Amino acid sequence: MALPEPQEAIVEFNKKLTSETSLIRLKLQKPIDFRSGQFIQTITLLDNKKIRRSWSIASSPKNKEYIELLIKKYEKSLISPMLFKANQNDKITIQGPFGFFTLIKPYKKETVFIAAGVGVAPLRSMIYDLLENNIDTKVTLIFGFRTEKDYLLEDEWLNLEKKYENFKIIPVISRPEKNTEFFKGHVTDFIPKIIKKSDDTDFYICGPNIMIADTMKVLELIGINKKQIHIERWQ
Ligand SMILES: Cc1cc2nc3c(=O)[nH]c(=O)nc-3n(C[C@H](O)[C@H](O)[C@H](O)COP(=O)(O)OP(=O)(O)OC[C@H]3O[C@@H](n4cnc5c(N)ncnc54)[C@H](O)[C@@H]3O)c2cc1C
């Protein structure tokens, strides 16, 4: 199959969500036909070298004219700080879509998404895909983060809960800075409290490697079959 052509996308907005995370919308010159969960690569020319980096598409596949990315900036790293501070109308060369981390059909009765931090990016696209297409599945996002200010897109999740009866967000905070009604700990502490053994649930996980490994262990201890667990590794 032919590779998608690279194209210049234009930054429509770059919204800072935290001091190290931003949500960028890129307007595409040529619409791309992506599936939720897939990623694109940015191609950046540095010292005459083309540097490629991968970023999950975080927006709904309903919109083909633009894509949104959730970027975490790592200090002293090459490309993420450039994207983090990109300005409106900047041009960014992208290529895609790529990847096989996509929703599995037939859909199960329940779909549970488990993410830590910016790992929620591909899951956000999948969640919109299920909800906007009125898929008959109960959608739960178990979302881990450190402090209150690291709770990415809080208002958006709450609005989705109001709009869609079948969507629920469960925030899990590891280092609360004040009294909190959220569950305290890591997602792996919380999963055994709400997940029961069921063959009719699919799990999608994205986050740091260690979090993926620990989450899979916990799910398998509950009796969830490996075939029901779908993961995206970023490293
Ligand atoms: C399929 C795929 C999808 C991805 N989607 C996203 C996404 O949606 N949003 C996002 O923010 N990232 C995503 N990533 C990770 C992202 O591609 C890397 O963080 C990126 O390569 C960083 O590039 P850089 O040039 O800024 O860092 P580099 O200059 O390549 O790295 C320099 C140093 O920065 C640190 N560092 C960089 N990245 C990471 C990391 N992921 N975890 C821990 N330390 C790191 C390390 O210390 C590293 O040695 C994805 C990766 C893959 C493979």
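Presented here is an overview of the structure given in this document. For clarity, every value in this text was computed on a predicted model and none was experimentally measured. (Residues numbered from 1 in each chain as written. Predicted model: local features only at pLDDT ≥ 70, side-chain atom pairs only at ≥ 80, totals over all residues.)

1. Side note on the overall build of the protein
Point 1. In terms of regular secondary structure, the protein is built from 5 helices and 12 strands.
Point 2. Computed over the C-alpha atoms, the radius of gyration of the protein is 18 Å, within 12% of the 18 Å expected from 2.2 N^0.38 for a compact globule of 235 residues.
Point 3. With the C-alpha coordinates aligned to their principal axes, the bounding extent of the protein is approximately 50 × 45 × 35 Å.
Point 4. A burial count over the protein gives 35% of its 235 residues as buried. (Helix = DSSP H or I, 4+ residues; strand = E, 2+ residues; numbered from the N terminus. Rg over C-alpha atoms; globule rule 2.2 N^0.38 Å. Buried ≥ 20, exposed ≤ 12 C-beta atoms within 10 Å, placed from the backbone.)

2. Things to note about the environment of serine 174
Point 1. By the element assignment, serine 174 lies in the loop between strand E9 (167–173) and strand E10 (183–184).
Point 2. Exposure remark for serine 174: the 17 C-beta atoms within 10 Å place this residue in the partly exposed category.
Point 3. Through-space distance from the C-alpha of serine 174 to that of valine 187 is 8.7 Å; in sequence the pair is 13 residues apart.
Point 4. Apart from the residues within four sequence positions on either side, serine 174 is in contact with Gly144, Arg146, Gly185 and His186. (Contact = placed C-beta atoms within 7 Å.)

3. Comments concerning the pairing of strand E8 (residues 138–145)
Point 1. With respect to burial, E8 is a largely interior element, 7 of its 8 residues being buried.
Point 2. Pairing between strand E7 (residues 110–116) and E8: 7 bridges, direction parallel. Paired with alanine 116 across the bridge in E8 is glycine 144.
Point 3. Each parallel crossover has a hand, and the one from E7 via helix H2 (residues 120–132) to E8 is right-handed. (Pairing = 2+ DSSP bridges. Right-handed = clockwise from strand over helix to strand, strands pointing away.)

4. Overview of the sheet that holds E8
Point 1. Pairing is parallel in the open sheet, where 6 strands are placed in the order E10-E9-E8-E7-E11-E12. In the strand order of this sheet, the two ends are held by E10 and strand E12 (229–232), each with one partner.
Point 2. For E9 and E10, the ladder comprises 2 bridges, and the chain directions are parallel. Looking at E10, one finds that isoleucine 173 is bridged to lysine 184.

5. What to know about the site of the ligand
Point 1. Residues in contact with the ligand amount to 18 residues; listed here are only the nearest, Ser77, Leu78, Ile79, Ser80 and Trp234.
Point 2. Where the shell around the ligand is concerned, the elements lending two or more residues are strand E4 (49–56) and strand E5 (66–72).
Point 3. The residue makeup of the shell around the ligand, split by class, is 11 nonpolar, 5 polar and 2 charged. (Near = placed C-beta within 6 Å. Nonpolar A, V, L, I, M, F, W, Y, C, P; charged D, E, K, R; others polar.)

6. Notes on unusual backbone geometry
Point 1. Looking along the chain, the bond that leaves glycine 96 and enters proline 97 is cis, with omega of 10 degrees.
Point 2. If you trace the backbone, proline 97 turns up in strand E6 (residues 91–98).
Point 3. Each neighbour pair has its own omega, and for lysine 105 with proline 106 the value is -5 degrees, a cis peptide bond.
Point 4. Mapped onto the fold, proline 106 is located in the loop between E6 and E7.
Point 5. Backbone geometry places lysine 76, a non-glycine residue, at a positive phi of 60 degrees.
Point 6. Note on lysine 76: 5 C-beta atoms within 10 Å, which makes it exposed.
Point 7. A positive phi angle is found at asparagine 89, which is not glycine, with a value near 75 degrees.
Point 8. Within the secondary structure, asparagine 89 is located in the loop between helix H1 (80–84) and E6.
Point 9. According to the C-beta neighbour criterion, asparagine 89 is exposed, with 9 such atoms within 10 Å.

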